[in-house]
Every structure is written in C-alpha cells, then in structure tokens.
Amino acid sequence: MRKKIIAGNWKMNKTVLEAIDFVGEIHDDIDTSEVDVVICPTFLALSEIITLLEDYQSDIKLGAQNMFYEEKGAYTGEISPNMLYDLGVEYVIIGHSERRQYFGETDEIVNKKVLKAIQVGLKPIMCVGESLAQREAGDTFDLVRNQVIEGLKKVGKDQVQEVIIAYEPIWAIGTGKTATSEQAEEVCKYIREALAEMYGSAVANTMRIQYGGSVTKDNAKELFNMPNIDGALVGGASLKEDFVSIVNYNE
Ligand code: PGA
C-alpha cells in the first residue's frame, strides 16, 4: 500500500512572517498519521519554518520549490541542493510547469536537477503535464511519457523510488478547472505503466504519483480514491485553512 503524499506549493506567496503565522494556525490540525504532508514555502522562509516545526514537534515535512543542479560556484542568485539539505529540507519540486514556461526549464535541465537532488539526498517531486493545446491535439500521453523518460534519464532503479512524480495538466493549474478524477487517473495510470517499462512493475508499484491542478477540499477525496493517484501537489488551496481539510480528507 503506497502512503499518500500531499504537498503544498506556496509559490511566490507569503512573507516570512505570514508563513510563520500560517504554520502556527494549521500545524495542530494537520493529521500526519496516514499521509506524508509537505509544505513548500519560499526559500526565505525555509529556515524559520524548520525551526518552528521542530518546536511544534510536527511531522510536517519541508520542501523547496526549486534548486540549481550544481553544488556551489559562480551562479548568482541560485540555491544549491546541498544548501537545502543542510537546512533540513527533505523534498524539492523540480520542473514545475511555471518554471518550464517562465524560466525556460527543459527536460534536460529537469533531468540534471533530479539527478543532483537524489545525489545530495533530497527527494524530488518531478512535475510533468500537458497544455490545453497539447491535450486537444491528442498529444497528452506521448508528451507526458516523454517528460518522464527524459526527466528520469540515468536515474537508477535503486534511486527512482525516492522520486515522486506530479502529474499536473497545465490547463488545470490555478484555473479552477480540475481534471476529472477519471482524466487524472487515466494519465497517472499511464505514467505508472511507463515507469513499469523502465524499472519493472515491482518498482513502479511502489512509486508515488501525485495529481496537481486546482485541487480543493471538495474534490480531493474523489481524486485520492483513484487507484493510481497517491496524493496531490496543491497550489492555491494550500495557502488557506482548506489545506487542512485536503490533508485530512478521510476524516
Ligand atoms: P493550483 O496549483 O492548485 O493552484 O492549481 C497547483 C500547482 O501548480 O502545483
């Protein structure tokens, strides 16, 4: 049985003080007994939030929203994976569609980041997903499969189980247009089949595949009840109390 993993991607929202206040408000109500819960604030808030979660003795895990693929050097403005790891960060979102779209991240860059994250000890949440035009052109499956194959290039069988795949159709992100649970399941199932071809079904069956794109407290349970959806990457709804209801979807 795969443990669900629900991650909040705060994107470029909340100042450090706002982040501290928000974690203070929700931590007590978040039930981590059956799901892995991850929050991904901005880089600036990571340090404070780690200390806070320790003080609260909370099992909420921390993730970063991005990282660079080198460990150090003359890369002005970048943050390295080992800096994150040293801080106590456990997860890192890699290849979010906003990074692909606005910051020119290619599958090749995504792959470099995934490899480096694993090497340093971080667990990548690797995002894949199609645009509306790609879906309408019937390219969803080929495109997503290709993103999975390219993103995981040279990732070995013994390492890949640490990778979480987030299927995030771009047309569903921040639009209020969630994929139906059937649409989401169809692609997550297809991703698992691609993983099985690459790593064998025993490995593929242990890997966690999230859905992301306008997940709310009202649609979370239905999505999570699908056999191949192992949780969610939540954007907008993770900034509010609603995140508690999403995480505690079974209560
Ligand atoms: P959303 O974002 O939940 O606001 O649609 C999801 C994401 O981008 O990870």
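Residues numbered from 1 in each chain as written. Predicted model: local features only at pLDDT ≥ 70, side-chain atom pairs only at ≥ 80, totals over all residues. Heavy atoms only, no water.

A. Quick peek at helix α1 (residues 16-26). Taken together, the buried positions of α1 are occupied by A19, F22, V23 and I26. Buried residues of α1, seen end-on, are gathered within an arc of 100° and therefore sit on one face of the element. For α1, the exposed residues set more than 90 degrees away from the buried face come down to L17 and D21. On its buried side, α1 packs onto β2 (35-40), α2 (43-55) and α12 (242-247). (Buried < 20%, exposed > 50% of the residue type's maximum accessible area, 1.4 Å probe, protein only. Helix = DSSP H or I, 4+ residues; strand = E, 2+ residues; numbered from the N terminus. Arc of directions from axis to C-beta. Contact = heavy atoms within 4.5 Å.)

B. Highlighting the sheet that holds β2. The strand order around the closed barrel formed by eight strands is β1-β2-β3-β4-β5-β6-β7-β8, and the pairing between neighbours is parallel. Taken pair by pair, the neighbouring strands of this sheet meet at an average axis angle of 25°, ignoring direction. Where strand β7 (residues 208-212) and strand β8 (residues 231-234) come together, two bridges link them in parallel fashion. What sits directly across from G212, in β8, is L233. Packing against the sheet, α2 makes contact with β2 and β3 (61-64), and its axis sits at approximately 170° to β3. (Pairing = 2+ DSSP bridges. Axes fitted to C-alpha atoms, helices over the stretch in contact; angles between N-to-C directions.)

C. Local environment of the site of the ligand. K11, H96, E168, G174 and S214 are the nearest of the 13 residues found near the ligand. Between the ligand and E168 there is a distance of 2.7 Å, counted from an oxygen atom to a side-chain nitrogen or oxygen. Between the ligand and the protein, one listed contact pairs an oxygen atom with a backbone N or O atom of G235 at 2.8 Å. When isolated, the ligand has an accessible area of 280 Å², and the protein chains bury 95% of it. Of the residues that constitute the shell around the ligand, the class distribution is four nonpolar, seven polar and two charged. (Near = heavy atom within 4 Å. Polar contact = N/O pair within 3.5 Å; in protein donor to acceptor, adjacent residues only side chain to side chain. Areas by Shrake-Rupley, 256 points an atom, 1.4 Å probe, with all protein chains shown as cover. Nonpolar A, V, L, I, M, F, W, Y, C, P; charged D, E, K, R; others polar.)

D. View of the state of the cysteines. All chains considered together, the criterion is met by zero disulfides. As a non-bridged cysteine, C40 has C127 as the owner of its nearest cysteine sulfur, 9.5 Å distant. Note on C40: relative accessible area 0%, which makes it buried. (Disulfide = S-S within 2.5 Å.)

E. Quick look at the nonpolar core. Of all hydrophobic cores here, the largest spans 67 residues; its most connected members are L152, I165, I191 and L195. In contact with L195, other than residues within four places in its own chain, are V148, L152, I165, G200, A204, M207 and I209. Membership of the second largest hydrophobic core comes to 11 residues, among which are Y91, I164, A166 and L233. (Core = buried A, V, L, I, M, F, W, Y, C linked by side-chain atoms within 4.5 Å.)

F. Fine view of the packing of aromatic side chains. The tally for this structure, following the rule as stated, stands at seven aromatic pairs. A ring pair is formed by F141 and Y190, whose centres lie 4.8 Å apart and whose planes are at 70°; its orientation type is edge-to-face. Taken together, the residues span a long stretch of sequence, with F141 in helix α7 (residues 140-151) and Y190 in helix α9 (residues 181-199) at a distance of 49 residues. Pairwise contacts between aromatic rings join F68, Y69 and Y75 into one cluster. For R99, the ring lying beneath its charged end belongs to F103, and the centroid distance is 4.3 Å. (Phe/Tyr/Trp six-rings, centres within 6.5 Å; stacked < 30°, edge-to-face > 60°. Lys NZ or Arg CZ within 6 Å of the ring centre and 35° of its normal.)

G. Highlighting the side chain of K4. In this fold, K4 is placed in strand β1 (residues 4-9). The buried charged residue K4 lacks any salt bridge, with D230 as its nearest oppositely charged partner at 4.8 Å. Of the polar contacts made by the side chain of K4, one reaches the backbone oxygen of F224; its length is 3.2 Å. When sequence neighbours within four positions are dropped, the list of residues in contact with K4 reads E34, V35, D36, R208, F224, I229, D230, G231 and Y249. (Lys, Arg positive; Asp, Glu negative; His and termini not counted. Salt bridge = Lys/Arg side-chain N within 4 Å of Asp/Glu carboxyl O.)

H. Summary view of the packing of α7 against α9. One way to put it is that α7 packs onto α9 with a least axis distance of 10 Å and a crossing angle of 45°. Classified by the angle between their axes, α7 and α9 sit oblique to one another. Crossing geometry of α7 relative to α9 is assigned as right-handed. Within the contact between the two elements, α7 uses T140, F141, D142, V144, R145, V148 and I149 and α9 uses E186, V187, Y190, I191, A194, L195, E197 and M198. Residue composition of the contact of α7 with α9, grouped by class: 10 nonpolar, one polar and four charged. (Parallel < 35°, antiparallel > 145°, perpendicular 65-115°, else oblique. Left-handed = near helix turned anticlockwise from the far one by under 90°.)

I. Here's a closer look at helix α5 (residues 107-120). The end-to-end C-alpha separation of α5 is 20 Å, in line with the 20 Å expected for 14 residues at 1.5 Å each. The set of residues buried in α5 consists of V110, N111, K113, V114, K116, A117, I118 and V120. The elements touched by buried residues of α5 are α3 (81-87), β4 (91-94), α4 (97-102), β5 (123-128), α7 and α8 (157-160). (Expected span 1.5 Å × (residues − 1).)

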